[in-house]
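# Analysis of the macromolecular model
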Amino acid sequence: MDELEIIKGTFFQECEELLADLENGLLAMEAGSGDAETVNAVFRAVHSIKGGAGAFGFEALVRFAHVFETLMDAVRSNKVPATQSLAADLLRAADILADHVNAAQSGDLVDEGRTAAMAAELTALTDPDGLAAPADDEGDFPDFTPQPIAIGGDELGDLGGDEFGFTPMAVALPDDAPVADEPADAEWEIVFTPHASLYRNANEPALFLRELERLGLLTVTLDDSRLPALEDLDAEGAYLSWTARLTTDADETTIREVFDFVEADCDLIIRPFTDDLHDLHDPDGDDLAEAPAMPDIAAILAKAAAEAPIPEMDALPAAAGAVAAAPAAPAAAAAPKAAESNQGFAAQATIRVDPERIDKLIDLVGELVINQAMLAQRVVECGLAPSSSVATGLDDLEQLTREIQESVMAIRAQPVKSVFQRMPRLVRETASMTGKQVRLVTDGEATEVDKTVIERLSDPITHMIRNAIDHGLEAPDVRVAAGKPAEGVVKLAAMHRGGRIVIEVSDDGAGINRERVKAIAISRELIGPDSQLTDDEIDNLIFLPGFSTAAKVSDVSGRGVGMDVVRRSIQALGGRISIASRPGQGSTFTLSLPLTLAVLDGMVIDVAGQTLVCPLTAIVESLKPKAEEIRNLGPSGAVLAVRGGFVPLIDIGYVLGFRAAPLNAADGVVLLIENEDGGRAALVADGIQGQRQVVIKSLESNYRQVEGIAAATILGDGRVALILDPDAVVAMRRQGGRAPDPALIAAE
Amino acid sequence: MIQTILTVDDSRTMRDMLRLALVGAGFRVVEAVDGLDGLAVLAGERPDVIITDINMPNLDGFGFIEAVRDDADNRGTPILVLTTESDPDKKARARDAGATGWIVKPFNPEKLVQAIRRVAA
Amino acid sequence: MSETQTIALPETLDMRSAQSLRDQLAAARGAPATLDGSAVRRLGALGLQVLLSAERQWQADGQPLSLVDPSPDLRAGLKLLGIAESQSFLTGA
């Protein structure tokens, strides 16, 4: 059923939201800022996940969710106190629940052992003394031996004993009880007397009679002997009774089921019809009116289980105290947020759109921009004056196109929250694996970025956080010895800066051990033994390929993933990553990315006969150097004097292999760029054509990744222009060992 | 006459499942996301049957049913609650609040329609 | 001789209309009355109660009470609820 598949998709989407709500609620509880509504929201999240899972038959998920839900039910009814340590346990349970949801979606298996262990923990928390046997779906009643029950026994009231010759009633019990009558037609007598409560709940006897009619041949006799005249009538009172004769092959259970909803609101007798019965039938209906309703077996069984004594929880006042503690950590924002999302849900005026449609729209707008640029170019080539109506019309068109583009990009912009949301769990797991105590603080979750970028943020951030916990933060005892709190803090922040999105991962650990880093770099021959490097430069050595300070490959961050891989993936996005560190105080990784991967403001330049585009955001300034400002350092290259300092000159054409020897900077132009590590470089190009916004076309998906090149674009004249990756170009120069040594420059 | 059913549930998945089953059985469906929203919808709709969940934010199933039974226009409307089988206490409480009957989760479309037939003409 | 009042029975004759029908009928007491059943689509137990109770009342008051134009739905409903032919004024007694 296709429809069902769609709803299944909805279910998993909903699970994502519910799991997030669940985590936020538990974090609030852990921080001591949750209240009764928080607990309720957590319960509802688990309850909803279980409900949907049941509908789709995800057995393992339902089972685990059920145990979780049972505990949450106990918490919200104050049978189990909502302490902060409970919240910590529940967070672990939430992680396992999330695993189950993912497994259900992907078809993978979950770790049975972990699940069983957690389930046992939860059950123990629900019921520490193991006394109550909760009535759960599996029908597990340890103290109750299922047996067929014979009606007509003394305890069931005055029905006349064995004259009626009742057969044992068949009830669906786990143990094999004898099944009732053969499927041949039998006659039954049903006496049905509603109470006023039946009518109050909008139940209708006529409908029950209609249901009986569906089972076979039905004759109905009304008994209105108790009905008063109008002046004494309570219009909603119950004065009527019906006796029905039903010939059917249905069994008694089926007949009784018809009255399922109202068994507590009426007097009901269902019995096989025999002539003996007929003789004994009391025409006034008095005896029958006295007869108790047939026992509800399911209710009896459930009652037996539930009546097992539950130990009094005298921690109740404490529970109220623990939950209503004063709001503290930033994570406390979760509680009002949870409430907000509940309110917002009803009030939201949003539409759900297929992401593919947006992608298509963005592509089309991109083509529109290119086309518009080409048109503008042609107009110029035709020799039309810039003031001509065509030219000015095109200017308007350009303006409009730009606005459309911005609006469309904004549709796809999403807050980084979805990426940040995965981090608390990562922190918990990494902390536990490394034996460290860690608190995660987040900031700027609402910062928006294009969908294309968001998806690529997760991995780098994950590695940086793992790195911060594994290598950055010290073990608790070391921290305490250093006068720091045992718990380390990892801060994850996002913000817009300079037209880009900046993500910072900082820790208050020991900072980079520069001696060690330098020593390792030398031992791996990444730098010369006599290199004089600034502190910053040493810090950034960790980004070099082949660098890893782990003596052994740690499970957490060392498994083949070094910071160089992280940096390369960032660079592939047109981003930069750098590190700043203070010994004893901690380190901060700064990741900067373009807001979108779709368009770019660029400086169009000539390089050895090729047209390239350099991202405008990278350029500090462009200048035409004078000969006297250039200092030649021989084989190391040349430097440019800029405002009292010297900056290495790097010829783009030479580095990219367009020419055999570097151009003299005085013959070209210089683009001054700022490195990711804060250093500067002067890129030399042959000339500047102008500034333009260009649509980015991925080189990787159309060709392959090329070092030094970020992407490509199509210019107004229809030609392809490569988009430069300035940092990569600088790095290529440096790696070649031919970058001018800043220390030498300083010595000058 | 096509009958109208109001479904009240905070889970989108559940609302979609109900809609699928009910529309398939020939009903017209209107939805609400919680008890409060349900009351708002009732200001403008006169459904033949109401199906509601119990655990919902803002106003839960019990509160919603009680409010409906207090409303002169809708007190006679049959209300079915969605419940998990293992909860005779919840069923009793729902009945006390005024529920007409119940549907067990996870439901199958047949049982759903059968329950509706028992409470609505 | 008092005019026979005609009271039109509502479309839905159950819990939703039982109280108001009772009040309507109570106001018409003490005089001949005719119930018009042509508009009835649904007959419920509480509606039936009011009708039967009215029958007793009119009998006690010594006044005639009749039912005209019972709709097919009304007749089916009466049968389902166990009112046999000629058992009451509702079925032609």
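Within each chain, residues carry numbers counting from 1 in the order of the written sequence. Whichever chain is written first becomes A and whichever ligand is written first becomes 1, with later ones labelled in order. Given that the model is predicted, a residue must reach a pLDDT of at least 70 before its local features are reported, and side-chain atom pairs must reach 80 or more before they are shown or counted; all residues, however, enter totals for whole chains, interfaces and linings. Only hydrogens and water are removed before side-chain values are computed, so all heavy atoms of the structure are retained for them.

As named in an unreviewed UniProt entry, chain C is Chemotaxis protein CheX, taken from Caulobacter ginsengisoli.

Under an unreviewed UniProt entry, the name given to chain B is Two-component system chemotaxis response regulator CheY, and the source organism is Caulobacter ginsengisoli.

## Considerations on the overall build of chain C
The secondary structure content of chain C amounts to three helices and five strands. To qualify as a helix, a DSSP run of H or I must reach at least 4 residues; to qualify as a strand, a run of E must reach at least 2; elements of each kind are numbered from the N terminus. Ordered by position in the sequence, the α and β elements of chain C form the string β-β-α-β-β-α-β-α. Burial classification: accessible surface area is computed with a 1.4 Å probe over protein chains only, and a residue below 20% of its type maximum counts as buried, one above 50% as exposed, and the rest as partly exposed. Put simply, chain C has 93 residues, and 51% of those count as buried. When checking whether two residues touch, look at their non-hydrogen atoms; a contact exists if any pair is within 4.5 Å. The contacts of chain C with a sequence gap of at least 6 include a subset with a gap of at least 24, amounting to 80%.

## Examining helix H18 (residues 451–472) of chain A
Because an α-helix packs 3.6 residues into every turn, residues spaced three or four apart end up facing the same way. For H18(A), built from 22 residues, the straight-helix expectation of 32 Å at 1.5 Å per residue is met to within 8% by its first-to-last C-alpha distance of 30 Å. Where H18(A) bends most, the angle comes to about 35 degrees, and this point is Leu457(A), followed within four residues by the proline Pro460(A). By this rule the span expected of a helix is its residue count minus one, scaled by 1.5 Å. Note that bend, as reported per residue, equals the angle between axes fitted to the 7 residues terminating at that residue and the 7 residues originating from it.

## Structural notes on the nonpolar core
Buried together is how nonpolar side chains tend to be arranged in soluble globular proteins. Nonpolar cores are built from buried Ala, Val, Leu, Ile, Met, Phe, Trp, Tyr and Cys residues. Side-chain atoms within 4.5 Å join them into one set. Core analysis: the biggest nonpolar cluster contains 141 residues, and Leu22(A), Phe68(A), Trp242(A), Ile51(B), Ile116(B) and Leu48(C) have the highest contact counts within it. Per element, the largest residue contribution to this core is 11 residues, and it comes from helix H4 (residues 84–106) of chain A. In this view, Leu48(C) contacts Leu222(A), Leu240(A), Leu43(C), Leu78(C), Leu81(C), Ile83(C) and Leu90(C); residues no more than four positions away in its chain are not counted.

## Quick notes on the sheet that holds strand S11 (residues 586–594) of chain A
Residue and element names in this part refer to chain A. Being paired, for any two strands, means DSSP has found at least two bridges between them. With respect to topology, five strands assemble into an open sheet ordered S6-S8-S9-S11-S10, the strand pairing being mixed. Here the strands that pair on one side only, and so sit at the sheet edges, are strand S6 (438–443) and strand S10 (576–582). Pairwise comparison of adjacent strand axes, ignoring direction, gives a mean angle of 15 degrees for this sheet. Note: S6 against strand S8 (residues 488–497), six bridges, orientation parallel. Of the residues in S8, the one forming a bridge with valine 441 is lysine 491. For every element, the axis is a line fit to its C-alpha atoms; helices are fit only across the contacting stretch, and the angle between N-to-C directions ranges from 0 to 180 degrees.

## Considering the side chain of Asp14(C)
As for its position among the elements, Asp14(C) is in the loop between strand S2 (12–13) and helix H1 (15–27). For Asp14(C), a relative accessible area of 8% gives the class buried. Leaving out residues up to four positions away in the same chain, Asp14(C) has contacts with Glu204(A), Gly44(C), Leu46(C) and Gly47(C).

## A look at the environment of Leu397(A)
Residue and element names in this part refer to chain A. Looking at the element boundaries, leucine 397 is found in helix H15 (residues 389–412). Assessed through its relative accessible area of 34%, leucine 397 is described here as partly exposed. Taking the C-alpha atoms as reference, leucine 397 lies 9.7 Å from valine 369; in sequence the two are 28 residues apart.

## Digging into unusual backbone geometry
Cis geometry marks the peptide bond from Lys105(B) to Pro106(B), where omega comes out at -10 degrees. For Pro106(B), the location among the structural elements is in the loop between strand S5 (101–105) and helix H5 (109–119). Phi angles above zero are rare outside glycine, and Asn58(B) is one such case at about 65 degrees. Positionally, Asn58(B) belongs in the loop between strand S3 (49–52) and helix H3 (61–70). When its relative accessible area of 39% is taken as the criterion, Asn58(B) is described as partly exposed. Residue Asp69(C) is not a glycine yet carries a positive backbone phi of 50 degrees. The residue Asp69(C) is located in the loop between strand S5 (65–68) and helix H3 (72–80) in this model. Since its relative accessible area comes to 52%, Asp69(C) is described here as exposed.

## Regarding the interface of chain B and chain A
Taken together, the 39 residues of chain B in the interface contact 44 residues of chain A. In total, chain B and chain A occlude about 3600 Å² of area from one another, counting both sides; carbon and sulfur atoms represent 54% of this. For this document, the term salt bridge refers to a Lys or Arg side-chain nitrogen within 4 Å of an Asp or Glu carboxyl oxygen. Seen at the junction of chain B and chain A, the total is two salt bridges. Pairing of N or O atoms within 3.5 Å defines a polar contact, subject to two protein rules: one partner must be a possible hydrogen donor and the other a possible acceptor, and residues neighboring in sequence count only if both atoms are side-chain atoms. Put simply, chain B and chain A have 16 residue pairs in polar contact (both at pLDDT 80 or more) between them. The residue classification treats Ala, Val, Leu, Ile, Met, Phe, Trp, Tyr, Cys and Pro as nonpolar and Asp, Glu, Lys and Arg as charged. All others, Gly included, are polar. Residue composition of the side of chain B that touches chain A, grouped by class: 16 nonpolar, 11 polar and 12 charged. Two parts placed together each lose some accessible area under a 1.4 Å probe, and the buried area is that loss summed for both.

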